Every structure is written in C-alpha cells, then in structure tokens.
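# Report on the structure
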Amino acid sequence: MDSASNAEDSGYREKLQSTEEQLRFLAENVEDVIFRFRLHPTIGMEYVSAGVERLMGYTVEEYHADPILAFNTIHPDDAHLVGQMMKAITDHPTPLTIRVVRKDGTTIWTEQRMRTVDGGDTLIGVARDVTERVQLEEQLRMLALDDDLTGLRNRRGFIVFGNQLLSVLQRGGRPASLLFLDVDHLKQINDTDGHVAGDAALVEVGKALRETFRDSDVIARVGGDEFAVVLGGDGARPPDGEEALARLRRCLQSPRQGRGISISGGIAHWGHGDPPSVERLMADADRSMYRDKGRQGVDRRGSRPLRSRPRILIVDDLPEMRLMMRMAFEREDIEVVGEASDGAEAVGLAEALQPDVVLLDLRMPGTDGFEAIPALRAVVPDSEIVVVTVVPPGPETDRALALGAHHCLRKADLRAVVELVGALP
C-alpha cells in the first residue's frame with residue numbers, strides 16, 4: 001500500500017474516531033437514556049448512557065453486571081406492554097409509555113422508543129422521564145367535564161352543572177331529585193367477556209339514560225360503573241324518581257346486543273330551601289342505593305352482591321398529592337368518593353359521604369389533621385382513619401394514634417398505603 005493510501009486510511013480512521021467521540025459525548029450528556037441491549041444468543045446490556053443513573057438511580061456498572069436488571073425495574077402492571085411492543089416492533093416504532101421502579105423504590109413514568117437491529121439479535125432504544133407530562137395530562141383529564149366513553153358528563157362536570165341546575169331551581173322555588181345508579185355485574189362482564197364488552201354495557205346505559213331523561217336534566221357517569229342524574233321539578237313536588245328509575249330499567253331490559261342490563265338505584269330529594277349541594281345529594285342517594293341492594297348483601301332481585309371495594313376520602317392540602325393518590329387508588333379499583341384540602345372541609349365531607357376510609361395528612365394550613373381526628377371519629381365512627389404524612393414515626397404520629405387514628409404511614413410509600421387500604425375489611 002503506497003503512502004498516499006496509508007495517509008488516506010489514517011485520515012479516515014481519525015475522522016471516524018472523532019465522530020465516535022462526539023457521539024459518545026452527546027450520548028453521555030443528554031437527559032435521555034440511550035441503550036443497546038443484546039437479546040441473542042445471550043442477554044445483557046452492551047451499552048447504556050450515563051443518564052441512566054439520573055433516571056433510575058442504578059449505575060452503568062450495575063446494568064452491565066445484572067443482565068435482567070432492565071426487565072426487573074419495569075413496573076409489574078406494565079410488563080405485558082413491553083412484551084406486546086416487542087412482538088410489533090418495526091422500523092418506525094410507536095413510543096411506549098410505561099412505569100418503572102427506581103432504585104429507591106419510587107415509581108416514575110418513562111417514554112421509550114425501541115427497535116431491533118442485527119437481524120433481531122439486538123435491541124436499541126431511547127428512554128426519557130415523562131412523569132411530569134403524565135401527571136399534567138391526568139390533571140387536564142380531571143379538569144375536563146365530559147366522560148370520553150359515554151359522552152355524558154363526568155363526575156366533575158356533574159358537580160359543576162348539577163349545582164348550577166339546583167341554583168336555578170332554587171331561584172324559581174322548585175324542587176329536584178337525584179338518582180344514583182350502579183350497573184349490576186359489570187365486573188363479571190369484564191372478567192368473563194373482556195373489558196370491551198364491559199365498555200359496551202356502559203355505553204348502552206349512557207344511551208338509555210339519554211332516552212329516558214330530558215335534555216334539561218343533568219346526566220353523568222360519575223365513576224367506573226356508577227351514573228347519576230339530577231331531575232328538575234316543574235311544580236311544588238319533587239320529580240317522581242321511582243317512576244323515572246322504573247322507566248330506565250324497562251329501557252335497559254329490552255334486548256341490546258343480546259344482553260339485558262340491570263341496575264341498582266337510590267333516590268334523594270332536594271327542596272329549594274336546602275343548600276344547592278350535589279355532593280350531599282349523591283351521598284344520600286348512594287346510601288339509598290345500598291338499602292335498595294338489601295341488608296343481606298344482595299339487591300331486591302336477589303342477584304348482585306354488595307360492593308366490597310372501600311370508599312376513600314382523601315384529605316391533603318397539596319392538589320398534586322391528592323391527584324397521585326387518586327390515580328393510585330383508581331388503578332386498583334378503589335373508589336375515591338371525595339377530596340378535601342383541610343381538616344374542617346374533611347369533617348363536613350366525611351359526614352355527608354360516610355367513607356369507609358379517611359386518608360388524612362397531619363400538617364395542613366387552617367384546620368390540621370390533629371384537630372380533625374376527634375371530629376372525624378364523631379361523624380364517621382365506623383370509618384378507618386389512615387394518617388398519610390411526611391412526619392417520621394415519633395411523638396407526632398403517636399399523638400395522632402392517641403387521638404383516634406388507626407394507622408400512620410409515610411407519603412413516600414404510596415404502594416404500602418394502597419395495599420393497606422385494599423386489605424382493610
């Protein structure tokens with residue numbers, strides 16, 4: 001090889017080395033995590049950028065030492081999504097949003113883009129922390145007033161427009177009724193026929209509600225299998241809720257997609273001299289619905305067990321903390337019936353809603369948790385009071401237990417909070 005060729009080859013190698021160094025510098029200093037993972041013939045991390053320690057708390061060396069660490073950190077509830085994505089990987093992969101568990105035990109949301117190379121033997125990808133974005137999207141979703149599945153109002157919309165209707169009726173001196181409805185056997189439909197069938201049943205209920213009630217009534221899906229309606233009265237007497245409930249049941253029992261749908265319902269009446277509070281009416285109608293189901297654990301048709309999932313009231317002055325708790329509980333099919341930002345508000349809501357569990361922060365402006373515990377014990381003597389706080393175990397948590405709290409847990413261990421609530425009788 002002549003000197004000119006040697007010089008050209010040397011120049012090429014230097015340029016290649018310079019390019020590699022630039023790429024490595026960029027990879028090591030971006031917030032995103034870049035990785036290359038070997039799938040065959042043996043699994044293991046071939047390369048992961050230094051940003052992984054900022055993201056996950058584990059070092060680069062720990063990922064190289066443990067071939068399955070990357071899989072073990074995937075949140076158990078999202079592991080199936082990774083398997084589905086691996087089967088459907090293309091040259092233009094769709095971003096996958098999944099939860100991962102950091103070294104310190106906290107859970108974050110990540111967006112990951114992956115594809116295979118080397119004939120499918122190697123997986124390359126980029127991961128980034130999108131926890132703030134996911135939380136913001138959840139907040140925006142909660143701010144929305146309509147339910148995506150049925151097109152009815154959601155719980156927030158029901159409270160806004162329901163209270164608005166009550167105020168209008170109050171000015172006109174007219175009464176109202178509120179129906180609180182629960183779809184029977186929805187869990188059984190989901191378990192037996194799949195969630196698509198369950199969603200179809202909810203859509204059918206939404207259609208039947210529109211056919212049964214007037215445009216001037218406020219109709220909403222206020223929970224997973226729960227619906228509610230505010231009916232405005234035209235005269236001095238409140239609307240006939242029993243007759244309206246019977247009409248709705250007849251509408252639902254007509255064959256729809258091969259299945260009749262049954263519901264349980266409760267009714268509460270409101271007079272124009274009462275405060276316009278949909279929340280209190282919902283609590284009254286909910287209790288009426290439980291009486292409809294019967295004291296022996298079945299409804300009056302003898303067909304449906306009472307719900308066993310606990311009903312939770314969250315009390316915390318930080319809206320972002322209330323949001324995180326709500327998201328955690330709703331993923332476990334635990335119903336959040338209300339939220340309060342201080343102890344005084346909590347006592348009023350607890351009396352109206354009669355929750356099974358009150359999750360109570362100790363340190364709040366205004367009426368704090370210490371002041372609220374005795375009042376809560378008075379208005380909801382059968383409820384479990386679970387203190388969820390940043391205060392470490394010590395004199396303050398001992399004081400909370402002495403005042404009547406049943407449990408004291410750390411806010412940082414949200415998984416333990418959810419597991420405790422789920423295990424309560």
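Structure first, text after, so check above.
Quick notes on the rules
Residues numbered from 1 in each chain as written. Predicted model: local features only at pLDDT ≥ 70, side-chain atom pairs only at ≥ 80, totals over all residues. Heavy atoms only, no water. Buried < 20%, exposed > 50% of the residue type's maximum accessible area, 1.4 Å probe, protein only. Helix = DSSP H or I, 4+ residues; strand = E, 2+ residues; numbered from the N terminus. Arc of directions from axis to C-beta. Contact = heavy atoms within 4.5 Å. Pairing = 2+ DSSP bridges. Axes fitted to C-alpha atoms, helices over the stretch in contact; angles between N-to-C directions. 1 Å grid on protein atoms, 1.4 Å probe; cavity = no way out; pocket = protein on both sides within 12 Å on 5 of 7 lines; lining within 4 Å. Points joined across faces, edges and corners; volume = space filled by probe spheres on them. Nonpolar A, V, L, I, M, F, W, Y, C, P; charged D, E, K, R; others polar.

Along helix α8 (residues 186–193), the positions that sit buried rather than exposed are Leu 186, Ile 189 and Asn 190. End-on view of α8: buried residues confined to an arc of 100°, all on one side of the axis. More than 90 degrees from the buried face of α8, the exposed residues found are Lys 187, Gln 188, Asp 191 and Thr 192. Each element contacted by the buried residues of α8 is listed here: β6 (176–183) and α9 (195–212). One or two steps after α8, the chain reaches Gly 194, where phi turns positive at roughly 100°.

On to the sheet that holds strand β4 (residues 107–117). An order of β2-β1-β5-β4-β3 is seen for the five strands of this open sheet, with the pairing classed as antiparallel. Each having just a single partner strand, β2 (44–48) and β3 (96–101) make up the two edges of the open sheet. Pairwise comparison of adjacent strand axes, ignoring direction, gives a mean angle of 35° for this sheet. Sheet analysis places strand β1 (residues 33–38) next to strand β5 (residues 122–129), joined by six bridges and oriented antiparallel. Each residue of the ladder has a partner; that of Arg 38, found in β5, is Thr 122.

Across all of its chains, the model carries two cavities of 30 Å³ or more by this definition. Computed from the structure, the largest cavity encloses a volume of approximately 330 Å³. The set of elements that each furnish at least two residues to the lining of the largest cavity consists of β1, β2, α2 (51–56), α4 (69–72), α5 (79–87), β3, β4 and β5. Across the lining of the largest cavity, the residue classes break down as 19 nonpolar, two polar and no charged. Estimates place the volume of the second largest cavity at around 60 Å³. Every residue lining the second largest cavity is listed: Arg 155, Phe 180, Met 282, Ala 283, Asp 286, Arg 311, Glu 335, Val 337 and Leu 353. When contributions to the lining of the second largest cavity are tallied by element, the ones reaching two or more residues are α11 (278–293) and β11 (335–340).

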